[in-house]
Amino acid sequence: NKPDDPDGLGGLFDPAADDEEADASELYVAARKAAHHYTLAQCALRRWRAAPEWGLKRAQRVQLSKMIEQLNMWGNTLDAELKKSSVLRRIYIERELRPWRDLTQEERAADPFHSCLIGPFEHDGGDEKMVLYHYDVEHEKMIFEDDKDSKKKTTDAQLTLSLEAVSSILD
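Every value quoted in this text rests on a predicted model; they were computed, and no experiment measured them.

Visitor: I'd love a proper account of the overall build of the protein chain, names of residues and values included.
Guide: Each helix and strand in the protein chain was counted, giving five helices and four strands. Reading the helices (α) and strands (β) of the protein chain from amino to carboxyl end gives α-α-α-β-β-β-α-β-α. Counting only residues that meet the buried cut, the protein chain has 34% of its 171 residues in that class. When contacts within the protein chain are restricted to residue pairs at least 6 apart in sequence, long-range pairs at least 24 apart make up 60% of them. Carbon together with sulfur atoms contributes 52% to the accessible area of the protein chain, which is approximately 11,300 Å² in total.

In structure tokens form, the structure reads like this:
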């Protein structure tokens, strides 16, 4: 028997080895969850970046910019942690927040927020009346809340991804 293998079984029944394996497994699961959550935040922010610049109010632009900065910091931290461990190097995260227009049709269809509208946005409807609308990223069009024809073209199942929802994904 070797000094580091007192039972001659190659550590088969070594509780410390089991603990290390369990720790590595838990770390891997936690890292996968973090990577998934990061990708979800990327997808949400990508949709919002697809909105026409002229449609965003100043406050929305500032909030969106801050969230992208937060995502970048999160990505830097996550990437550094993934590179530290040989167990975690198998986990891949895409660091670049590619614009919606650069995605393939397959990537667009796989987006977890596929067919979700973004908004709400406000448009000056004249007569001191603000008109609310949402933006359909897939079809690159505005859907005004008071437009009966637009409402018919959207399904009841369409959800809205608000900036507040994106913010909660990042938190």
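Back to the text.
Visitor: Hey, could you go over the pairing of strand β3 (residues 141-144) for me, with residue numbers and the actual values?
Guide: Two elements, strand β2 (residues 130-136) and β3, share four bridges in a ladder whose sense is antiparallel. Across the sheet, Y135 pairs through a bridge with M142, a residue of β3. Two successive antiparallel strands, β2 and β3, enclose a turn made up of four residues, where E140 displays a positive phi of approximately 50 degrees.

Visitor: How would you sum up the pairing of β2? Please name residues and give values.
Guide: A large share of β2 lies buried, amounting to five of its seven residues. Bridge count for strand β1 (residues 117-124) against β2 is five bridges, and the pairing is antiparallel. Considered in β2, the bridge of E122 is made with L132.

Visitor: Quick one: what's the story with the sheet that holds β3, residue by residue and with numbers?
Guide: A sheet is described by the order of its strands in space; here four strands give the open sequence β3-β2-β1-β4, paired in mixed fashion. Two strands bound the open sheet, and with one partner strand each, they are β3 and β4 (160-161).

Visitor: Residue-level account of helix α5 (residues 163-170), with values.
Guide: Every buried residue of α5 is listed here: L163, V166, I169 and L170. All buried residues of α5 project into a common sector of 115 degrees when viewed along the axis, lining one side.

Visitor: Could you give me a rundown of the layout of surface pockets, with the residues and numbers involved?
Guide: Space inside the largest pocket adds up to approximately 190 Å³. Along its surface, the largest pocket is lined by T39, Q42, C43, R46, Y92, I93, E94, R98, L103, E107, A110 and D111. Elements that contribute at least two residues to the lining of the largest pocket include exactly α1 (15-49) and α3 (105-110). Looking at the lining of the largest pocket, the element that brings in the most residues is α1, giving four residues. For the lining of the largest pocket, the class distribution of residues is five nonpolar, two polar and five charged. Empty space within the second largest pocket amounts to approximately 160 Å³.

Visitor: Explain the packing of helix α2 (residues 58-84) against α5 to me, and be specific about the residues and the numbers.
Guide: Where α2 meets α5, the axes come as close as 11 Å, and the angle between the chain directions of the two elements is 20 degrees. Looking at the two axes, α2 sits roughly parallel to α5. Along this stretch, α2 crosses α5, giving a crossing that reads as left-handed. In this structure, α2 uses Q60, Q63, L64, M67, Q70, L71 and W74 to contact α5, whose residues at the interface are L163, V166, S167, I169 and L170.

Visitor: Break down the nonpolar core for me, citing the residues and quoting the values.
Guide: In terms of nonpolar packing, the biggest core is built from 34 residues, with L45, W48, I118, F121 and L161 touching the most fellow members. Contributing elements (two or more residues each) for this core: α1, α2, β1, β2 and α5. Ranked by residues supplied to this core, first place goes to α1 with eight residues. Dropping the residues within four chain positions of it, L161 is found in contact with A44, R47, W48, F113, C116, L117, I118, G119 and V166.

What counts, and where the lines are drawn
- Residues numbered from 1 in each chain as written.
- Predicted model: local features only at pLDDT ≥ 70, side-chain atom pairs only at ≥ 80, totals over all residues.
- Heavy atoms only, no water.
- Helix = DSSP H or I, 4+ residues; strand = E, 2+ residues; numbered from the N terminus.
- Buried < 20%, exposed > 50% of the residue type's maximum accessible area, 1.4 Å probe, protein only.
- Contact = heavy atoms within 4.5 Å.
- Areas by Shrake-Rupley, 256 points an atom, 1.4 Å probe, with all protein chains shown as cover.
- Pairing = 2+ DSSP bridges.
- Arc of directions from axis to C-beta.
- 1 Å grid on protein atoms, 1.4 Å probe; cavity = no way out; pocket = protein on both sides within 12 Å on 5 of 7 lines; lining within 4 Å.
- Points joined across faces, edges and corners; volume = space filled by probe spheres on them.
- Nonpolar A, V, L, I, M, F, W, Y, C, P; charged D, E, K, R; others polar.
- Axes fitted to C-alpha atoms, helices over the stretch in contact; angles between N-to-C directions.
- Parallel < 35°, antiparallel > 145°, perpendicular 65-115°, else oblique.
- Left-handed = near helix turned anticlockwise from the far one by under 90°.
- Core = buried A, V, L, I, M, F, W, Y, C linked by side-chain atoms within 4.5 Å.

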